[in-house]
Amino acid sequence: MWGRGLGIIFALPFSYFLRKGYITLRLGLRLSSLFALGAGQGFIGWWMVKSGLEEPPSEYAQPRVSPYRLAAHLTSAFVIYSGLFWTGLSAVMPEPPAESVAWVRGAAKVKKLALPVSFIVGITAISGAFVAGNDAGRAYNTFPKNGGYVDS
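Residues numbered from 1 in each chain as written. Predicted model: local features only at pLDDT ≥ 70, side-chain atom pairs only at ≥ 80, totals over all residues. Heavy atoms only, no water.

Note on the chain: under the UniProt heading Pathway (unreviewed entry), the record states "Porphyrin-containing compound metabolism; heme A biosynthesis; heme A from heme O: step 1/1." Looking at the chain in UniProt, the text filed under Subcellular location (unreviewed entry) is "Membrane". (UniProt positions renumbered as here; feature names shortened; annotations may be inferred.)

Undergrad: Whenever I open this one, the packing of helix 2 (residues 25-53) against helix 3 (residues 67-92) confuses me. Can you help?
TA: When two helices pack together, their arrangement is given by the angle between the helix axes and by the axis-to-axis distance. Two numbers describe how helix 2 lies on helix 3: the axes approach to 9 Å, and their chain directions differ by 160 degrees. Here helix 2 lies roughly antiparallel to helix 3, going by the angle between them. Crossing handedness for the pair helix 2 and helix 3: left-handed. (Axes fitted to C-alpha atoms, helices over the stretch in contact; angles between N-to-C directions. Helix = DSSP H or I, 4+ residues; strand = E, 2+ residues; numbered from the N terminus. Parallel < 35°, antiparallel > 145°, perpendicular 65-115°, else oblique. Left-handed = near helix turned anticlockwise from the far one by under 90°.)

Undergrad: I'm lost on the packing of helix 1 (residues 2-20) against helix 2 in this one. Help?
TA: Two numbers describe how helix 1 lies on helix 2: the axes approach to 11 Å, and their chain directions differ by 160 degrees. One element, helix 1, and the other, helix 2, form an angle in the roughly antiparallel class. Crossing of helix 1 against helix 2: the hand is left-handed. In contact with Gly7, Phe10, Ala11 and Phe14 of helix 1, helix 2 contributes Gly28, Leu31, Ser32 and Phe35. (Contact = heavy atoms within 4.5 Å.)

Undergrad: Whenever I open this one, the UniProt feature "transmembrane region" (unreviewed entry) in the chain confuses me. Can you help?
TA: Under the local residue numbering, the UniProt record ascribes the feature "transmembrane region" (unreviewed entry) to residues 29-49, 70-93 and 113-132. Annotated as residues 29-49, this span is 100% helix and 0% strand, and its ends, taken at the C-alpha atoms, are 30 Å apart. Annotation note: span residues 70-93, helix share 96%, strand share 0%, distance between end C-alpha atoms 35 Å.

Undergrad: Honestly, helix 3 in this entry has me stumped. Any pointers?
TA: Counting along an α-helix, one turn takes 3.6 residues, and residues three or four places apart therefore face a common direction. The end-to-end C-alpha distance of helix 3, which contains 26 residues, comes to 37 Å, matching closely the 38 Å that a straight helix rising 1.5 Å per residue would cover. Looking only at helix 3, the buried set comprises Pro67, Arg69, Ala71, Ser76, Ile80, Gly83 and Thr87. (Expected span 1.5 Å × (residues − 1). Buried < 20%, exposed > 50% of the residue type's maximum accessible area, 1.4 Å probe, protein only.)

Undergrad: Quick question: what am I supposed to make of a nonpolar patch on the surface here?
TA: Taken together, Val92, Met93, Trp103 and Val104 make up a surface patch of nonpolar side chains, about 390 Å² in accessible area. By secondary structure assignment, the location of valine 92 is in helix 3. (Patch = residues over 30% accessible without salt bridge, like charges linked within 9 Å, V, L, I, M, F, W, Y side chains within 5 Å. Areas by Shrake-Rupley, 256 points an atom, 1.4 Å probe, with all protein chains shown as cover. Salt bridge = Lys/Arg side-chain N within 4 Å of Asp/Glu carboxyl O.)

Undergrad: What is the right way to look at helix 1 in this model?
TA: Over its 19 residues, helix 1 runs 28 Å from end to end, which matches the ideal 27 Å to within 8%, given 1.5 Å per residue. One or two residues past the end of helix 1 sits glycine 21, with phi positive at roughly 85 degrees.

This is how it looks when you write it as structure tokens:
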């Protein structure tokens, strides 16, 4: 229900600003794509939860969600968040200031570092979905002593 509410909160002002001409065609297409990804996120969430409801749990078993579906849901959320963040930055500063060559060079250096770091952070976060989905934390649930022993 929260997702539907957020969809309405997004769609109503978007359609108003689009009709008034406050949104350019390029920004309108980008926001429409993000809205469609948000609707897809709802479908992926339903698909993920459905995987936990397919097998009736025994008296002691916990419902289990597919780690692949959990990872797909998390990946979709990261894509949407990244798209919203990128769109926000593009709206605030569409182009770098032409008079500042040092600013453009600094931004290029940050971009060279930001892309690989973002990739590594993304892979690490997505792997967390597999850890959570497979209950891998139960192997050593005595962290940081890992089975009662302290690693030296």
